[in-house]
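A structural walkthrough
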Amino acid sequence: MEKACGLDVHKDSVFACILDEQGKKLLEKRYGTLTPDLTALRDALIENGCGRIAMESTSIYWMPLWHVLESDFSLKLANPYFIKQLPGRKSDVKDAQWIAECLQKDLIKGSFVPEGVLQQMRQLSRQCYRVNKSQVRLEQQMDNQLQRCNIRLSNYVSKQGNNVSLRKVIGAIIQGERDPCKLVRLVHGRTKNKHGHQVITDSLDGVLNQTDIEMLKQCMEQLDLLEKQRAACLNHLEELADKYFAREISLLCTIPGIQKYSAMCILSEIGNDMSAFGKASHLVGWAGLRPRNDESAGKIQSRKTLHGNKYLRKMLVEISWSASRSNKTFLGKKFNHLSKRMKSQKALLAITRKILVIIFNVLHTGQPFDANRNLQAVKPD
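One structure accompanies this document, and this report is about it.

A closer look at the nonpolar core
Nonpolar side chains in soluble globular proteins tend to be buried together. The biggest cluster of nonpolar side chains holds 51 residues, and the ones touching the most others in it are Ile266, Ile270, Leu316 and Ile359. At the level of elements, helix H4 (117–148), helix H9 (210–244), helix H10 (246–252), helix H11 (260–270), helix H12 (280–286), helix H13 (310–324), helix H14 (330–338) and helix H15 (344–365) are the ones that each hand at least two residues to this core. The biggest single contributor to this core is H15, with 11 residues. Those residues in contact with isoleucine 270, other than ones at most four positions away along the chain, are Phe112, Phe277, Leu283, Trp286, Leu312, Ile359 and Leu363. Val9, Ile18, Leu38 and Val68 belong to the second largest nonpolar core, which has 24 residues in total.

Listed below in structure tokens is the structure:
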């Protein structure tokens, strides 16, 4: 065995415990989380000749520590779920010692931590996800404001927030237009033909006051700002992807249901080097798509999937819906076959898992996906 260090990371403090080759404590100390404190911790680790370090993935507080130590040490990021200490006399110092003991006995399997450009791409893709959520929230708020004023055009259009006719009507209302006969001219003819000209006109006849106008104006301004931010994130994400991972993205786009944006998001979450996961089944488990093994007295208690990377899961589910709606691909045919004997949600999750295995094999082999040649690739190792 060699010297090992366990770090118990918190928002304002880091507890470090270094063990020698015989498992005896060399150092047990509390450090702050400011940059000078982390530099002092790094110097202490170097002075004690510690080469291996493990820490828990506590929120985002481990990230600054990782950046400071990654150039000088072999680091492992541990999932707290897998190294829980037995209940009893628990303290921060003992947690750090427990992490060091688990590391020294090779009981910790490090989590995947992307490096360099992938970290930047991951921040950008997740920011796009958060901006999308904020847009949906604002669109719902704007629709609620219109319903409050008894303007019910959103009942007759396909999209509430991104509908061009609805945006034009709201813009005209903000500018001071109140006449339903004039507002209806801004609505697309297909909508009026489908529901009737008079119905659409009546849906635009509401009761508004100055406060309602101010609320709609603020919602529109925020939506415009979010759209600009999302476009900026997408442009930066696309620049990085085209510069460093153009080949990998072109390979992923050969898989049914995957387009350039989804390929960039997937790549930012799992990277382009599949050796970090070893086998396809490991990647499936890391993403939280593998059924749990929960059995007692010969009875299966649960087969629910474990928690995984929610950003990756969300994108894969969207891809699965896209692929399952086409009968021209084997994934669509497989979904139709599975949905006959199980719930559609379970069938969709099975398709999601197959797509992730295909992604693993495509990136691992460096070959584009060919359904006629790679049908056996949908099974994990």
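Here we look at the packing of aromatic side chains
How two aromatic rings sit relative to each other is set out by the distance from centre to centre and by the angle between their planes. Scanning all chains against the criterion turns up 8 aromatic pairs. For the ring pair phenylalanine 112 and tryptophan 286, a centre distance of 6.0 Å and an interplane angle of 85° mean the geometry is edge-to-face. Pair noted here: phenylalanine 112 is in the loop between helix H3 (92–104) and H4 and tryptophan 286 is in helix H12, with a separation of 174 residues, a long-range link. On the basis of relative accessible area, tryptophan 286 is assigned to the partly exposed category, the value being 23%. Ring plane angle 80° and centroid distance 5.1 Å describe the contact between tyrosine 129 and tyrosine 311, whose orientation is recorded as edge-to-face.

Concerning the pairing of strand S3 (residues 25–31)
Across 6 bridges, strand S2 (residues 14–19) lies against S3 in antiparallel orientation. Within S3, the position partnered with phenylalanine 15 by the bridge is arginine 30.

So, the pattern of salt bridges
Counted by the stated rule, this structure contains 10 salt bridges. The partner of glutamate 227 in a salt bridge is arginine 167, and the shortest N-O contact between them spans 2.9 Å. Placement of glutamate 227 in helix H9 and of arginine 167 in helix H5 (residues 164–175) is noted, with a sequence separation of 60 residues between them. Overall, the relative accessible area of 30% leaves glutamate 227 in the partly exposed class. A salt bridge links lysine 314 to glutamate 318; the shortest N-O distance between them is 2.6 Å. With lysine 314 and glutamate 318 both in helix H13 and 4 residues apart, the pair spans about one turn of that helix. Among the charged side chains, a network of salt bridges with common partners joins Glu2, Arg52 and Asp106.

What about the side chain of serine 320?
Considering the arrangement of structural elements, one finds serine 320 in helix H13. A relative accessible area of 0% places serine 320 in the buried class.

Quick word on the pairing of strand S4 (residues 52–56)
In terms of burial, S4 is largely enclosed, as 5 of its 5 residues are buried. Burial of the side chains of S4 extends over both faces: Arg52, Ala54 and Glu56 are buried on one face and Ile53 and Met55 on the other. Of the strand pairs in this sheet, strand S1 (residues 4–9) and S4 are connected by 4 bridges, and their pairing is parallel. For glycine 6, the partnering residue across the bridge sits in S4 and is alanine 54. Strand direction decides the pairing type here: S4 and strand S5 (residues 74–78), joined by 5 bridges, are parallel.

About the thresholds
- Residue indices follow the written sequence of each chain, beginning from 1 at its first position.
- Where local features are concerned, this predicted model is filtered to residues with pLDDT of at least 70; where side-chain atom pairs are given and counted, the filter is 80 or more; whole-chain, interface and lining totals use all residues.
- Neither water nor hydrogens contribute to the side-chain values; these are computed over all heavy atoms in the structure.
- Here, the term nonpolar core denotes a set of buried Ala, Val, Leu, Ile, Met, Phe, Trp, Tyr and Cys residues that are joined through side-chain atoms within 4.5 Å.
- Only protein chains enter the calculation, and the probe is 1.4 Å; a residue is then buried if its accessible area is under 20% of its type maximum, exposed if over 50%, and partly exposed in between.
- Numbering goes from the N terminus for both helices and strands, where a helix is a DSSP run of H or I of at least four residues and a strand is a run of E of at least two.
- In this analysis, two residues are considered to be in contact whenever any of their non-hydrogen atoms come within 4.5 Å of each other.
- Side-chain rings of Phe, Tyr and Trp, where Trp is taken by its six-membered ring, are said to pair if the distance between their centres is within 6.5 Å; with planes under 30 degrees apart they count as stacked, over 60 as edge-to-face, and otherwise as tilted.
- Pairs of strands are assigned from DSSP output, requiring at least two bridges between the strands.
- Between Lys or Arg on one side and Asp or Glu on the other, a salt bridge is scored when a side-chain nitrogen of the former is within 4 Å of a carboxyl oxygen of the latter.

Purely spatial values, then, with no claim about function.
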